Number of protein chains: 2
Amino acid sequence: MTEETAEKTETAIEKPEATTEKKDENTVFVGKKGVMGYVLAVVTQFNNGADSVVLKARGKLISRAVDVAEIVRNRFLMDVQVKDILIKTEELASEDGSMSKVSAIEISLTK
Amino acid sequence: MTEETAEKTETAIEKPEATTEKKDENTVFVGKKGVMGYVLAVVTQFNNGADSVVLKARGKLISRAVDVAEIVRNRFLMDVQVKDILIKTEELASEDGSMSKVSAIEISLTK
């Protein structure tokens, strides 16, 4: 049960991103996990003294980012406001080398 | 061929809405149909003289509304800009009478 072989093979792409991203601004990338995990991440950053937190998401996960923003300010931190919302198109390189376009959102929350 | 019976029975729900909606603002509700249908609706409204069009969507369809906005301004009407984006929480009555909350977005596009 506790053997290391039980761990999934790490892709080594995800983890370093999360730490380097923090130095300039507090960013939460919304991915495929449950909504409440991202809500907790945002609330934690505000409680650790952040004045603003930026939620970022791409493609179908855009609606989840909106859910996270709405739950944070309606249920947890009523003094948090949406400062700005940006939408844009990003180009992603897929595995076969071709480029595909995907919509993205950035929701800036401030206290 | 030219007989009136060849016409489809009008639902009488859709058409009046579309015209009354236009008097205050040009709104396109993004639903479950293909993205390009909504793109066409927005482009048509601008080409018919509208100065602004508001895209509205709820829940998982929020990301589709962002796609529509991005495709309109990147591929069809380069002079169209995102004026404002609002996110909010709406309460919906489900069939059993209980209320459920859903995130919603309003993307205002202007020429």
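Residues numbered from 1 in each chain as written. Chains lettered and ligands numbered in written order. Predicted model: local features only at pLDDT ≥ 70, side-chain atom pairs only at ≥ 80, totals over all residues. Heavy atoms only, no water.

### Some thoughts on the interface of chain A and chain B
- On the chain B side, the residues contacting the 19 residues of chain A number 19 residues.
- Carbon and sulfur atoms make up 61% of the area that chain A and chain B hide from each other, which totals about 1,400 Å².
- Between the two partners, chain A and chain B, sit zero salt bridges.
- Put simply, chain A and chain B have eight residue pairs in polar contact (both at pLDDT 80 or more) between them.
- Residue assignment for the side of chain A that touches chain B shows that the elements contributing at least two residues are α3 (62-76), β3 (81-93) and β4 (99-110) of chain A.
- Considering every element that reaches the side of chain A that touches chain B, the biggest residue donor is α3 of chain A, with eight residues.
- For the side of chain A that touches chain B, a count of residues per class yields nine nonpolar, five polar and five charged. (Contact = heavy atoms within 4.5 Å. Buried area = accessible area lost by both parts, 1.4 Å probe. Salt bridge = Lys/Arg side-chain N within 4 Å of Asp/Glu carboxyl O. Polar contact = N/O pair within 3.5 Å; in protein donor to acceptor, adjacent residues only side chain to side chain. Helix = DSSP H or I, 4+ residues; strand = E, 2+ residues; numbered from the N terminus. Nonpolar A, V, L, I, M, F, W, Y, C, P; charged D, E, K, R; others polar.)

### Details of the pattern of salt bridges
- Under the criterion given, the structure shown has 10 salt bridges over all chains.
- The shortest N-O distance in the salt bridge between K56 of chain A and E106 of chain A comes to 4.0 Å. Here K56 of chain A is found in strand β2 (residues 52-58), whereas its partner E106 of chain A is found in strand β4, with 50 residues between them in sequence. For the pair formed by K56 of chain A and E106 of chain A, the shared burial category is buried.
- Salt-bridge contacts for K88 of chain B lead to E106 of chain B; the nearest nitrogen and oxygen are separated by 2.7 Å. Of this pair, K88 of chain B sits in strand β3 (residues 81-93) while E106 of chain B sits in strand β4 (residues 99-110); the two residues are 18 residues apart in sequence, bridging distant segments of the chain.
- We classify E106 of chain B as buried; its relative accessible area is 16%.
- When salt bridges with common partners are traced through the structure, they connect K56, R58, K88, E90 and E106 of chain A into a single cluster. (Buried < 20%, exposed > 50% of the residue type's maximum accessible area, 1.4 Å probe, protein only.)

### What to know about the relation of the copies chain A and chain B
- Overlay of chain A on chain B (RMSD 0.0 Å): rotation 180 degrees, translation along the axis 0.0 Å. Put plainly, the chains are arranged around a two-fold axis. Measuring from the rotation axis to each C-alpha of chain A, the shortest distance belongs to S63 of chain A, at 2.7 Å.
- Taken together, the interface assignments show that 100% of the residues at the interface of chain A recur at the interface of chain B, consistent with an identical surface on both copies. (Least-squares fit on C-alpha atoms with pLDDT ≥ 70 in both.)

### Focus on the nonpolar core
- In terms of nonpolar packing, the biggest core is built from 52 residues, with I105 and I107 of chain A together with I105 and I107 of chain B touching the most fellow members.
- For I107 of chain A, the residues in contact, after removing those within four places along its chain, are V53, V54, L55, A65, V66, A69, V82, D84 and I85 of chain A together with I87 of chain B. (Core = buried A, V, L, I, M, F, W, Y, C linked by side-chain atoms within 4.5 Å.)

### Observations concerning the pairing of β4 of chain A
Residue and element names in this part refer to chain A.
- Among the 12 residues in β4, nine count as buried, and that is most of the element.
- Pairing geometry for β2 and β4, over seven bridges, is antiparallel. Bridging across to β4, V54 finds its partner in S108.
- Where β3 meets β4, 12 bridges bridge the pair, whose relative direction is antiparallel. Of the residues in β4, the one forming a bridge with D84 is S108.
- Connecting the antiparallel pair β3 and β4 is a turn made up of five residues, with G97 showing a positive phi of about 90 degrees. (Pairing = 2+ DSSP bridges.)

### Brief notes about the pairing of β2 of chain A
Residues and elements named next belong to chain A.
- The element β2 is extensively covered by neighbouring structure, given that five of its seven residues are classed as buried.
- Bridge analysis of strand β1 (residues 27-29) against β2 gives three bridges, and the strand direction is parallel. Bridging from a neighbouring strand, F29 pairs with K56 of β2.
- Regarding topology, helix α2 (residues 35-47) serves as the crossover connection from β1 to the parallel β2, and that connection is right-handed. (Right-handed = clockwise from strand over helix to strand, strands pointing away.)

From the geometry alone we can't say anything about function, so treat these as descriptive.
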